[in-house]
Amino acid sequence: MKANLLGLDAAGLARFFAEQGEKAFRARQLLHWVHQAGESDFARMTDLARRLREKLAERACIEAPQIVGDTRADDGTRKWLIKVDDANAVEAVFIPERGRGTLCVSSQAGCVLDCAFCSTGKQGFNRNLSSAEIVGQLWLANRLLEGDRPVTNVVMMGMGEPLLNLDNVIPALRLMLDDDAYGLSRRRVTVSTSGVVPQMERLRDECPVALAVSLHAPNDELRDRLVPVNRRYPLGELIAACNRYLEKAPRDFITFEYVMLEGVNDADAHARELVRLAARIRCKFNLIPFNPFASSEFRRSGAERIRRFAEILQRGGLTVTTRKTRGDDIAAACGQLAGDVADRTRRSATYRLKEVRA
């Protein structure tokens, strides 16, 4: 079987070329061709010797996952359904804005964490994505979108919990940051986590990028219900891990994501609890209007309720933004990504049964 070089970072490529009896500098040449030029055909890599190009064609390939769906929203958001194997497809979303283009990348086929308000979790879980399948989403986007390097920011907020797949996520992140590949700033690459504390330590030590934490509740009792991983790593441990992460983080704050659920976590009292919690960590809040999906038990907080909630946080001295909902007409908004997952947890069958009974 040919080695797929798409997901190998500089160190991985150097090892590959060493195994072929080639000099380590070939890795940098290949990075330029694959990730900057978007080239997949070794024959067109003209600064490589013909003999080496022929050897590479025999022993290796540059193979991205296959796009099987391409949908555009009225606001310009673009969602791709990307086939990663015969049974599973994931989703990636490009969000164009003035002066920047953000790509939301998936890291797993499904998700094991089953957060109460997230469509991805209801699909169940099948497997981790490989480094090639992760960075391949960026590689495809840059080839398909108009303009020179249209993706300026990457957020790992698509399907899956990135910190449960760090063996593959970290090489993909290193490629995104490498000046010979995509050359993105650490501040422009964000990993989102629901709070897998031990893996936060590993990310901090091996590849610290901007960190966003899916908080969604101001206390353990409510967060246990909304974000089940909190039962294992409660808020006290999570906040302590966030403070440790800041020792090496490219930004001097952690972003807390907070989905606004009507009558669940959006009361004035919840906001005041958040102010007290935030006193323990340098942070900013990103309030996210809930995006509904089939079988969901929740409703979106009203605009005035969100405004009032944000006002309380701001009066408490916190920086607060409210995320503009993008791509909801094509189910590309936050929490709506579902893909096509061959569930190994039997969770998706459980939710389908609930829908039938309802």
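Residues numbered from 1 in each chain as written. Predicted model: local features only at pLDDT ≥ 70, side-chain atom pairs only at ≥ 80, totals over all residues. Heavy atoms only, no water.

A.B. asks: Describe the overall build of the protein, and please don't skip the residues or the numbers.
C.D. replies: Assigned secondary structure in the protein consists of 12 helices and 14 strands. For the C-alpha atoms alone, the extent of the protein along its principal axes is close to 70 × 50 × 40 Å. In the protein, which comprises 358 residues, the share counted as buried stands at 55%. In the protein, of all internal contacts separated by at least 6 residues, the share reaching a separation of at least 24 is 67%. Total accessible area on the protein stands at roughly 15,900 Å², and carbon and sulfur atoms take up 46% of it. Within the protein, one finds 54 positive and 47 negative side-chain charges whose respective centroids are separated by 2 Å. (Helix = DSSP H or I, 4+ residues; strand = E, 2+ residues; numbered from the N terminus. Buried < 20%, exposed > 50% of the residue type's maximum accessible area, 1.4 Å probe, protein only. Contact = heavy atoms within 4.5 Å. Areas by Shrake-Rupley, 256 points an atom, 1.4 Å probe, with all protein chains shown as cover. Lys, Arg positive; Asp, Glu negative; His and termini not counted. Charge placed at Lys NZ, Arg CZ, Asp CG, Glu CD.)

A.B. asks: Can you lay out the environment of R59 for me, pointing to particular residues and giving the numbers?
C.D. replies: With respect to the helices and strands, R59 occurs in helix α3 (residues 50-59). Its relative accessible area of 41% is what places R59 among the partly exposed residues. In this structure the C-alpha to C-alpha distance between R59 and M157, which are 98 residues apart in sequence, comes to 34 Å.

A.B. asks: Explain the pairing of strand β9 (residues 153-156) residue by residue, including any values.
C.D. replies: Where burial is concerned, the two faces of β9 agree: the one with N153 and V155 and the one with V154 and M156 are both buried. In the sheet, strand β6 (residues 100-104) pairs with β9 via three bridges, with the strands oriented parallel. Its bridge partner being in β9, T102 is matched across the sheet by N153. (Pairing = 2+ DSSP bridges.)

A.B. asks: Please provide a residue-by-residue account of the pattern of salt bridges, values included.
C.D. replies: Under the criterion given, the structure shown has 28 salt bridges. Ionic pairing is found between R174 and D9, a salt bridge with its closest N-O pair at 3.9 Å. Residue R174 is located in helix α6 (residues 166-177), and its partner D9 is located in the loop between β1 (3-4) and α1 (10-19); the two are separated by 165 residues in the primary sequence. With its nearest N and O atoms 3.3 Å apart, the salt bridge here joins R315 to E311. Here the residue R315 and the residue E311 both occupy positions in helix α11 (residues 303-315), the gap between them amounting to four residues, near one helical turn. A single network of salt bridges, built from pairs that share partners, joins D268, E304, R305, R307, R308, E311 and R315. (Salt bridge = Lys/Arg side-chain N within 4 Å of Asp/Glu carboxyl O.)

A.B. asks: Give me the lowdown on the packing of helix α7 (residues 197-206) against helix α9 (residues 235-245), citing residues and values where you can.
C.D. replies: Where α7 meets α9, the closest approach of the two axes is 10 Å, and the angle between their N-to-C directions is 0 degrees. As far as their axial angle goes, α9 and α7 are roughly parallel. For the pair α7 and α9, the contacting residues are V197, M200, E201, L203 and R204 in the first and E237, L238, A241, C242, R244 and Y245 in the second. Among the residues forming the contact of α7 with α9, the class breakdown is seven nonpolar, no polar and four charged. (Axes fitted to C-alpha atoms, helices over the stretch in contact; angles between N-to-C directions. Parallel < 35°, antiparallel > 145°, perpendicular 65-115°, else oblique. Nonpolar A, V, L, I, M, F, W, Y, C, P; charged D, E, K, R; others polar.)

A.B. asks: Outline the environment of L145, listing residues and values.
C.D. replies: Tracing the chain through its elements places L145 in the loop between α5 (131-144) and β9. Considering only alpha carbons, one finds L145 and A87, 58 residues apart in sequence, at a separation of 27 Å. If sequence neighbours within four positions are ignored, L145 has contacts with R78, W80, F94, P150 and V151.

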